Amino acid sequence: MQGIEGLSERFARIASRRASREELALCHTPEYIALAEREISSGYPELSTGDTVVSPGSWEAALLAVGGALNAVDAVMGGIHQNAFCVVRPPGHHATPDRGMGFCVFNNVAIAARHAQRKHGIRKVLVVDWDVHHGNGTQDTFYRDGSVFFFSTHQSPFYPGTGSEGETGEGAGKGTTLNCPFPPGAGRKEILTAFQEKLVPAADAFRPELVLISAGFDSRAGDPLGGFRLTDEDFSDLTRVVLEIAGRHANGRVVSVLEGGYSLAGIAKAAAAHVQALSDPCSQS
Ligand code: ZN
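Let me sum up the structure you'll find in this document. Please read all numbers here as calculations on a predicted model, not as lab measurements.

In this section: the layout of surface pockets. Estimated volume of the largest pocket: approximately 940 Å³. Along the wall of the largest pocket there are 32 residues; nearest its centre are Phe11, Ala12, Phe85, Val87 and Val275. Mapped onto the lining of the largest pocket, the elements with two or more residues apiece are α3 (58-77), β1 (83-86) and α8 (264-279). Considered class by class, the residues forming the lining of the largest pocket number 22 nonpolar, eight polar and two charged. Counted as a void, the second largest pocket has a volume near 170 Å³.

The structure is reproduced here in structure tokens:
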């Protein structure tokens, strides 16, 4: 593997933009969007809906985080790039339709999935979430949907308390939520095996037309919040599993979006391994 030095110069940049209110409303209620804007602009130290610290710049940052993911979807769906990694904050996967929580204001990945369906006319999207926390907001958004498959490996018991194996979707969404909770200390053996033995067959049955990754790196060894032990090489291998799924079903289309990760040095190394795997043609079928 090459080092991080100079890595960013080897990739094309996709500009971000502010997401529109209509785009936020693809997954969030108008009441929650108004509440978030009002509280952030009023100088609240955190959202009243949950543990999400905000500052006056958070509204702009949240709009740019969503807009960056949407521009990446447009670039990948438009065939300009095969895949993309969105280096955005705040993260999104804990944000439910009517509640920001867990450091998340808007659900970047969920909005990206809906945007792909609405703007680009695809039907089925797979979301793969390897953040150490369960992506409760993404699960909630699509729990009764059926067109977006949500797969998550996460630490349990842990924040936010959801994500048991018994949560599998309801109604039209029955069978399109797949949770793989693991105790603290889990690593390559548990998580890569879950990808190979649970995610792959489920994705092959679902046949997604686009794959999104909720790429949290708080599941990396040494993260100050998470208790998993994934290495940078493990993130490369998880990325390759996702690329193979996308290669079989989605013309290789993958958009990965940063979620959690609380060691800056750790995020940098894991993200470098992740984007190198994304950019390696040998790892794509
Ligand atoms: Zn997390």
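With that settled, the discussion passes to the pairing of strand β5 (residues 210-215). On a regular strand, one side chain projects to one face of the sheet and the next to the other, so that they alternate. For β5, the buried fraction is high: six of the six residues fall into the buried class. Side chains of β5 alternate between two faces, with Leu210, Leu212 and Ser214 and Val211, Ile213 and Ala215 buried alike. Pairing of strand β2 (residues 125-129) with β5, which is carried by five bridges, proceeds in the parallel orientation. For leucine 126, the partnering residue across the bridge sits in β5 and is valine 211. Sheet analysis places β5 next to strand β6 (residues 254-258), joined by five bridges and oriented parallel. Bridge pairing in β6 links serine 214 to valine 257. For the segment spanning β5, helix α7 (residues 232-249) and β6, crossover handedness is right-handed.

Looking now at the coordination of the zinc ion. Every protein donor of the zinc ion is accounted for by Asp131 (OD), Asp131 (OD), His133 (ND1) and Asp218 (OD), and the metal-donor separations fall at 2.0 to 2.8 Å. Its four donor atoms give the zinc ion angles of 53 to 154° at the centre, a pattern that matches the irregular case. Counting along the primary sequence, the residues that act as donors to the zinc ion give the motif D-x1-H-x84-D. Here aspartate 218 lies in the loop between β5 and α7 and histidine 133 lies in the loop between β2 and α5 (136-142), a separation of 85 residues in the sequence.

Our focus in this paragraph is the pattern of salt bridges. If you walk through the whole model with that rule in mind, you get eleven salt bridges. A salt bridge links arginine 18 to glutamate 60; its shortest N-O distance comes to 2.9 Å. Pair noted here: arginine 18 is in the segment before α1 (21-24) and glutamate 60 is in helix α3, with a separation of 42 residues, a long-range link. Its salt-bridge partner being aspartate 237, residue arginine 240 comes within 2.7 Å of it at the nearest N-O pair.

What counts and how
Residues numbered from 1 in each chain as written. Predicted model: local features only at pLDDT ≥ 70, side-chain atom pairs only at ≥ 80, totals over all residues. Heavy atoms only, no water. 1 Å grid on protein atoms, 1.4 Å probe; cavity = no way out; pocket = protein on both sides within 12 Å on 5 of 7 lines; lining within 4 Å. Points joined across faces, edges and corners; volume = space filled by probe spheres on them. Helix = DSSP H or I, 4+ residues; strand = E, 2+ residues; numbered from the N terminus. Nonpolar A, V, L, I, M, F, W, Y, C, P; charged D, E, K, R; others polar. Buried < 20%, exposed > 50% of the residue type's maximum accessible area, 1.4 Å probe, protein only. Pairing = 2+ DSSP bridges. Right-handed = clockwise from strand over helix to strand, strands pointing away. Donors = N, O, S within 2.8 Å, 3.2 Å for Na, K, Ca; no water. Tetrahedral: all angles 85-135°; square planar, octahedral: opposite > 155°, others 65-115°. Salt bridge = Lys/Arg side-chain N within 4 Å of Asp/Glu carboxyl O.

Structural measurements only, silent on function.
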